[in-house]
Amino acid sequence: MKIKHWITAAFLILILGVEAQPVKQYGQLSVKGNQLVSDKGEAVMLAGVSYGWHNWWPRFYNKSTVKWLAEDWHCDLVRAAMGVGPRGSYTDKPEWSTQLISEVIEGALENDLYVIIDWHSHELKTEEARRFFSDMAAKYGQHPHIIYEIFNEPVKDSWSDVKAYSIEIIKAIREKDPDNLILVGSPHWCQDLHLVADDPIVGYDNLMYTVHFYAATHKQSLRDRCNYALAKGIPLFVSESAGMEASGNGPIDHQEWQTWIDWMKSHQISWVTWSIADKNETCSMLKPEAASEGGWSEDQMKESGVKTRALLRAFRAE
Ligand code: MG
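The structure presented is a predicted model; accordingly, all values stated were derived computationally and were not measured.

What counts and what doesn't
Residues numbered from 1 in each chain as written. Predicted model: local features only at pLDDT ≥ 70, side-chain atom pairs only at ≥ 80, totals over all residues. Heavy atoms only, no water. Helix = DSSP H or I, 4+ residues; strand = E, 2+ residues; numbered from the N terminus. Rg over C-alpha atoms; globule rule 2.2 N^0.38 Å. Buried < 20%, exposed > 50% of the residue type's maximum accessible area, 1.4 Å probe, protein only. Contact = heavy atoms within 4.5 Å. Lys, Arg positive; Asp, Glu negative; His and termini not counted. Charge placed at Lys NZ, Arg CZ, Asp CG, Glu CD. Donors = N, O, S within 2.8 Å, 3.2 Å for Na, K, Ca; no water. Phe/Tyr/Trp six-rings, centres within 6.5 Å; stacked < 30°, edge-to-face > 60°. Lys NZ or Arg CZ within 6 Å of the ring centre and 35° of its normal. Core = buried A, V, L, I, M, F, W, Y, C linked by side-chain atoms within 4.5 Å. Salt bridge = Lys/Arg side-chain N within 4 Å of Asp/Glu carboxyl O.

Trainee: Is there a simple way to explain the overall build of the chain in this structure?
Mentor: Along the backbone of the chain there are 11 helices and 10 strands. Here the C-alpha radius of gyration of the chain, 19 Å, is about what a compact globule of 318 residues would show, namely 20 Å. Classification of the 318 residues of the chain by burial places 56% in the buried group. Taking as baseline every contact in the chain between residues at least 6 positions apart, the subset at least 24 positions apart corresponds to 75%. Charge-centre separation for the chain: the mean point of 32 positive side chains lies 3 Å from the mean point of 43 negative side chains.

Trainee: How should the coordination of the magnesium ion be read in this particular structure?
Mentor: Ideal donor angles around a metal are set by the shape: a four-donor tetrahedron calls for 109.5 degrees, a six-donor octahedron for 90 or 180 degrees. Of the protein atoms, only Gly-141 (O), Asp-177 (OD), Asp-179 (OD) and Asn-180 (OD1) coordinate the magnesium ion, at distances of 2.1 to 2.4 Å. The exposure class assigned to Asp-179 is partly exposed, which follows from its relative accessible area of 28%.

Trainee: I would appreciate a short explanation of the packing of aromatic side chains in the present structure.
Mentor: Aromatic rings in a pair are described by how distant their centres are and how their planes are angled relative to each other. Counted by the stated rule, this structure contains 16 aromatic pairs. Relative to Trp-56, the ring of Trp-53 lies with its centre 5.0 Å away and its plane at 50°, an arrangement referred to as tilted. Here Trp-53 falls in the buried class, since its relative accessible area comes to 12%. An aromatic cluster is present here, built from Tyr-90, Trp-119, Phe-132, Phe-133 and Tyr-148 joined pairwise through their rings. One cation-aromatic arrangement involves Lys-93 over Trp-96; the distance from NZ or CZ to the ring centre is 4.1 Å. Directly above the ring of Trp-260 sits Arg-223, whose terminal nitrogen or CZ lies 4.9 Å from the centroid.

Trainee: Would you mind going over the nonpolar core with me for this structure?
Mentor: Soluble globular proteins tend to bury their nonpolar side chains together. Formed by 86 residues in total, the largest nonpolar core has its most connected members in Trp-73, Phe-133, Leu-236, Met-264 and Ile-276. Discounting residues that sit within four places of it in the chain, Met-264 has contacts with Met-45, Phe-213, Val-238, Ile-269 and Trp-271. Membership of the second largest hydrophobic core comes to 16 residues, among which are Leu-36, Leu-77, Tyr-114 and Ile-147.

Trainee: Please explain the pattern of salt bridges as it appears in this structure.
Mentor: In a structure, side chains of opposite charge can pair up when their charged atoms sit close to one another. Counted according to the given criterion, the structure contains 22 salt bridges. In this structure, Lys-279 and Glu-281 form a salt bridge, with 3.8 Å as the shortest nitrogen-oxygen distance. In this structure Glu-281 comes out as buried when scored by relative accessible area, which is 12%. Linked through salt bridges whose partners overlap, the residues forming this network are Asp-72, Glu-298, Arg-309 and Arg-313.

Trainee: Where do I start with unusual backbone geometry in this structure?
Mentor: Glycine aside, negative phi is the norm for most residues, and most peptide bonds take the trans geometry. Cis geometry is found at the peptide bond from Trp-274 to Ser-275, where omega equals -5°. Positionally, Ser-275 belongs in strand β10 (residues 271–276). One non-glycine residue with positive phi stands out, namely His-74, at about 60°. Note on placement: His-74 falls in the loop between α3 (63–71) and β4 (77–83). A positive phi angle, close to 55°, is found at His-188, a residue other than glycine. Mapped onto the secondary structure, His-188 falls in helix α7 (residues 187–190). According to the relative accessible area criterion, His-188 is partly exposed, its value standing at 39%.

Encoded structure:
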């Protein structure tokens, strides 16, 4: 390559590099009304991917995949889904689990990404969650990169029980970290936003409520609930989503997924796609031959991975 081309390349790397530094760009996030905003008070919409359950796909929980997702997939954020409940998860391997989650957190700090620390549980475990989030907030709460998701998907618990749990965990986090974003779940896999809208948590700042959708199952009726919540001033964050059925399987409904993408854009709502895993199911974005450290070619990715990467790159380029 000639000198002139080296200079052009260096310039491009400089420009693209600046573009790909979401935390430097937006800084400490906060919530104003129902909108996520930057440290300058401007509306922010983030997009990224979730890792799969750490207890089943630990091989992807390393700094190298975070770097790849930042540089090649153009993620603004990643979600570390710390499994709580199944055998081999945080419930009986807390130190190993925390270490794996920390690899992704440290990777996000090094690569200037936001990172969601996701308590990936389907049931209430208040004492364990309080201890875990208190430790995480003490260790990482000074970094603007950190977002806490305190209950992945309640299933059978009522909103009054989930609300009481959430307040306990919010208090524990706020003792150590006064300001970072906290994401709150709602009953029935984060679908009951109408219940949240009628009885939100009050007295704490920088809370948002999670919406989870799988576009081949969840359609306009869920968006109607979200619209109802937004109209009542409830801030929403799509911390898990994808194009297939809620089972994680079946064909991708591209049209409905696009309707969701357009809806999220119109409301500046951030989204995260599920998941970085290699299980034989539609929603796992990688094939078993995909390396544990990233560097994935298109033929090592499944349809949902190819599509998600394209969506993220298009979103960054807008
Ligand atoms: Mg903080």
